[in-house]
Amino acid sequence: MLTNRSKVVVNKTLTFSESLYFPAIFRGLMITMSHLFKRKVTVRYPEQTRVFSPVYRGLHVLKRDEKGAERCTACGLCAVACPAEAITMVAAEREPGQEALFREEKYAAQYEINMLRCIFCGLCEEACPKEAIYLTPRLVPSSFKREDFFWKKERLLETVENRVDVSRRLMRPAQKGAA
Amino acid sequence: MLDLFFIIQKLILVSAVLAITLVIAMYTTYAERKLAAFFQDRVGPNRAGPFGILQPLADGLKFMFKEAFIPANANKFLFVLGPSISMIAACMACGVIPWGSSLMIMGHEVPLQIADLNVGVLYLFGVVSLGVYGIMIGGWASNNKYALLSTIRASSQMISYEIAMGIALIALTLSTGTLSLKEIVSLQHGGHWNVWVQPLGFIIFIICAFAETNRMPFDLPECETELVGGYHTEYSGMQLGFYLFAEYINMFVSSTVMAALYFGGFNFPFLNSLGLSHNLVTLLGVGVFFAKIFALMFFFIWIRWTIPRFRYDQLMRLGWKVLMPLAIFNMLVTAVLILL
């Protein structure tokens, strides 16, 4: 009785009209018939896709700055923040003449996200002081090979010609407003 | 006189009827899945071909290429015999159905019926009852407790419902005065359908037909929640396919029988006032007959996705304490009305 949801069982016998079953069967048939013409709820997936929420947390992107240089400085804060320990990286020092490639003196020579470990919580994005990593409303493509889910820097990084729009994620007031 | 024309005509008719039966049974599986989906606000199979129209072929191929495994402790001969009997018994019933009146081909009158038995109704009833042997033998030969339990259920259910069905048929033959299916159909000419004469008999018959074909409110032999897979727990590959397929053939045959016995078969109103040629009227009649069959099959599927399964004691109670007395009452009333 704690939840107040218990019900008293009533074993009442059926009346004669109920025991004929036919009115109940007829009502049931009408219900199923009405469903026959209802709009179907199925999303025909490969042809149709559902509209994602603007702040959907899917596949990550590594951003470049306005000049096309990589923003990431391999500080490792994202890897530390990651609760699933999905991010690993190797830092390297920028050589003279690489200024157009990397924004600051240190950069990530290797950067890898294990998409099978990642829980898409977005903590890496919040931890990043350089606005280098964002989650995007894209899905990690499926594959039969485990190796295909270890996304290296080359796959994560956006190209200069093909920028990934993350303005929707930036609109969240709590994150960037406080920072 | 068995002339060549007669033999060829019957051979063509037999192959045509068999082919049509199998194709319709095949596409009933598709219709069932599609309608089930629609009743549940889904879209159903839609990947194999346009609208999933090739789905039954894909299912059949899958059954073909799967291993037909025979368990170590099963009786191997009976294990294979079970699904074969189910399939053969299901197909045999089509032999006496009058699909249409007759076609005039090269000066010969070709009746669209394989065999016009004067005891057609009895033949039909006997062949339909054979179907239970397929389930019994298969379930027993599996050497599996679930299969055996399901077999016991199936046989007792079929025996119980056959009685009511038989008595309903007696009332029908009382009012028509013949056991030949062709005559029963032609007596219903011009909208004098037997369902108006025998409404109670028809209701009893259709309920029993659901039970005989092991369809939804009475599908206790294969109720997966209690009996794993029922009598086909141990079956795989095309043998399982035969069992599942036989159910759909049975459904088609029951709908055909009901359309012929109670809904006028190939007769339709204003049949002769259209002023068409004999062959055209016959073909139209065949079309009308199939329309009636498909309507009844839709009803089978519709019921399946509406009504939950009976409890076993309720099933037996309905069979023995409700349907059988009702059928006897119906028979007596019919007999008295004919006497008066």
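Our subject is the structure listed above.
Chemist: Could you clarify how one ought to interpret the overall build of chain B in this entry?
Modeler: Counting secondary structure elements, chain B contains 12 helices and 2 strands. Along chain B, helices (α) and strands (β) appear in the sequence α-α-α-β-β-α-α-α-α-α-α-α-α-α when read from the amino end. For 340 residues, the compact-globule formula gives about 20 Å, and the C-alpha radius of gyration of chain B, at 21 Å, lands near that figure. For the C-alpha atoms alone, the extent of chain B along its principal axes is close to 60 × 50 × 50 Å. Scored against the burial criterion, the 340 residues of chain B give a buried share of 53%. By sequence separation, contacts in chain B at least 24 residues apart represent 79% of the contacts at least 6 residues apart. Surface summary for chain B: the accessible area is close to 15,500 Å², and the carbon and sulfur share equals 74%.

Chemist: Got a minute to help me understand the environment of Phe52 of chain A in this structure?
Modeler: Residues and elements named next belong to chain A. Within the fold, Phe52 resides in the loop between α2 (22–36) and β1 (60–62). For Phe52, a relative accessible area of 32% puts it in the partly exposed group. Residues Phe52 and Glu95 lie 43 residues apart in sequence; the distance between their C-alpha atoms is 41 Å. With sequence-adjacent residues up to four places away left out, Phe52 is seen in contact with Pro137 and Leu139.

Chemist: Could you clarify how one ought to interpret the interface of chain B and chain A in this entry?
Modeler: Interfaces are frequently sized by the accessible area removed from exposure as the parts join. The interface is formed by 19 residues belonging to chain B together with 18 residues belonging to chain A. Across the interface of chain B and chain A, roughly 1,500 Å² is buried in total on both sides, 69% from carbon and sulfur atoms. Connecting chain B to chain A are 1 salt bridge. Between Arg47 of chain B and Glu47 of chain A there is a salt bridge, with the nearest N and O atoms lying 3.1 Å from each other.

Chemist: How should I be thinking about the side chain of Arg71 of chain A in this particular structure?
Modeler: Residue and element names in this part refer to chain A. Here Arg71 is to be found in the loop between β1 and α3 (77–81). Assessed through its relative accessible area of 13%, Arg71 is described here as buried. A distance of 3.4 Å separates a polar atom in the side chain of Arg71 from a polar atom in the side chain of Glu66. For Arg71, the side chain forms a polar contact with the main-chain oxygen of Lys130, separated by 3.1 Å. Ignoring any residue separated from it by four or fewer positions in sequence, one finds Arg71 in contact with Lys63, Arg64, Asp65, Glu66, Arg103, Lys130, Glu131 and Ala132.

Chemist: For this particular structure, what's the right way to read the side chain of Lys34 of chain B?
Modeler: By the element assignment, Lys34 of chain B lies in helix α1 (residues 4–39). Notably, Lys34 of chain B is buried but unbridged: the nearest opposite-charge side chain belongs to Glu47 of chain A, and the N-O separation is 11 Å. When neighbours within four sequence positions are excluded, Lys34 of chain B is seen to be in contact with Val43, Gly44, Pro45, Asn46 and Phe51 of chain B.

Chemist: Got a minute to help me understand the nonpolar core in this structure?
Modeler: Trp99, Tyr161, Phe218 and Leu261 of chain B are the most contacted members of the largest nonpolar core, which has 78 residues in total. Broken down by element, the residue count for this core peaks at 13 residues, all from helix α10 (residues 237–262) of chain B. Within the second largest apolar cluster, 23 residues are counted, among which are Cys82, Ala86, Ala108 and Tyr111 of chain A.

Chemist: Is there a simple way to explain the sheet that holds strand β3 (residues 106–114) of chain A in this structure?
Modeler: Sheets are built from strands that pair by backbone hydrogen bonding, the pairs being arranged parallel or antiparallel. Strand order in the open sheet formed by 3 strands is β2-β3-β5 (chain A), with antiparallel pairing between adjacent strands. What marks the edges here is a single partner per strand, and that holds for β2 (87–93) and β5 (150–151) of chain A.

Chemist: Explain α1 of chain B to me, please; I cannot follow it from the model alone.
Modeler: Spacing of three or four residues puts side chains on the same side of an α-helix, whose turn is 3.6 residues. Between the first and last C-alpha of α1 of chain B there are 51 Å, a value that for 36 residues agrees with the 52 Å anticipated at 1.5 Å per step. After α1 of chain B finishes, the residue Asp41 of chain B shows a positive phi value of roughly 60 degrees.

Chemist: So what exactly am I meant to see when it comes to the pairing of strand β1 (residues 102–105) of chain B here?
Modeler: All names here are of chain B. When β1 meets strand β2 (residues 108–111), the two strands line up antiparallel, connected through 4 bridges. The residue bridging Met104 from the neighbouring strand is Glu109, located in β2. What sits between the antiparallel neighbours β1 and β2 is a turn of 2 residues, in which Met106 has the positive phi angle 50 degrees.

Chemist: How should I be thinking about the packing of helix α5 (residues 145–176) of chain B against helix α8 (residues 199–212) of chain B in this particular structure?
Modeler: Residues and elements named next belong to chain B. Here α5 crosses α8 at 155 degrees, and the two axes come no closer than 9 Å. The pairing of α5 with α8 is recorded here as roughly antiparallel in orientation. As for the relative orientation of α5 and α8, their crossing is left-handed in sense. Contacts from Gln157, Met158, Tyr161, Glu162, Ala164, Met165, Ala168 and Leu169 in α5 reach Gly201, Ile204, Phe205, Ile207, Cys208, Ala209, Ala211 and Glu212 in α8. Of the residues that constitute the contact of α5 with α8, the class distribution is 12 nonpolar, 2 polar and 2 charged.

Basis of the calculations
- Along each chain, residues carry numbers from 1 onward, in the same order as the chain's sequence is written.
- Chain letters start at A and ligand numbers start at 1, both assigned in the order the entries are written.
- Totals for whole chains, interfaces and linings use every residue, but because this is a predicted model, local features are given only for residues with pLDDT of at least 70 and side-chain atom pairs only at 80 or more, for both listing and counting.
- Calculation of side-chain values draws on the structure's entire complement of heavy atoms; hydrogens and water are dropped beforehand.
- Working definition: helices are DSSP H or I runs of at least four residues, strands are E runs of at least two. Numbering for both runs from the N terminus.
- Each radius of gyration is computed over the set of C-alpha atoms, and the globule rule expresses the reference value as 2.2 Å times the number of residues to the power 0.38.
- The rule is simple: take the accessible area with a 1.4 Å probe, protein chains only, and divide by the maximum for that residue type; under 20% is buried, over 50% is exposed, in between is partly exposed.
- Should any heavy atoms of two residues lie within 4.5 Å, those residues are considered in contact.
- Each accessible area is a Shrake-Rupley result for a 1.4 Å probe, and residues are judged covered by the shown protein chains and nothing else.
- Put simply, buried area is how much 1.4 Å-probe accessible surface two parts lose in total, over both of them, once they are put together.
- One side-chain nitrogen of Lys or Arg within 4 Å of one carboxyl oxygen of Asp or Glu is enough to make a salt bridge.
- The term polar contact refers here to a pair of N or O atoms within 3.5 Å; inside protein, the definition further demands a hydrogen-donor-capable atom paired with an acceptor-capable atom, and it admits residues adjacent in sequence only when both atoms are side-chain atoms.
- Positive charges come from Lys and Arg alone, negative charges from Asp and Glu alone, with His and the N- and C-terminal ends not counted.
- Nonpolar cores were defined as sets of buried Ala, Val, Leu, Ile, Met, Phe, Trp, Tyr and Cys residues, with membership established by side-chain atoms within 4.5 Å.
- Two strands are counted as paired when DSSP detects at least two bridges linking them.
- Here a helix's expected span is defined as the number of its residues, less one, multiplied by 1.5 Å.
- Interaxial angle, 0 to 180 degrees, is taken between N-to-C directions of lines fitted to C-alpha atoms, where a helix line uses only the stretch in contact.
- Angle categories are assigned with fixed cut-offs, so that under 35 degrees is roughly parallel, over 145 is roughly antiparallel, 65 to 115 is roughly perpendicular, and the rest are oblique.
- Each crossing is labelled by how the near helix is turned from the far one, with a counterclockwise turn of less than a right angle marking it left-handed and a clockwise turn marking it right-handed.
- The residue classification treats Ala, Val, Leu, Ile, Met, Phe, Trp, Tyr, Cys and Pro as nonpolar and Asp, Glu, Lys and Arg as charged. All others, Gly included, are polar.

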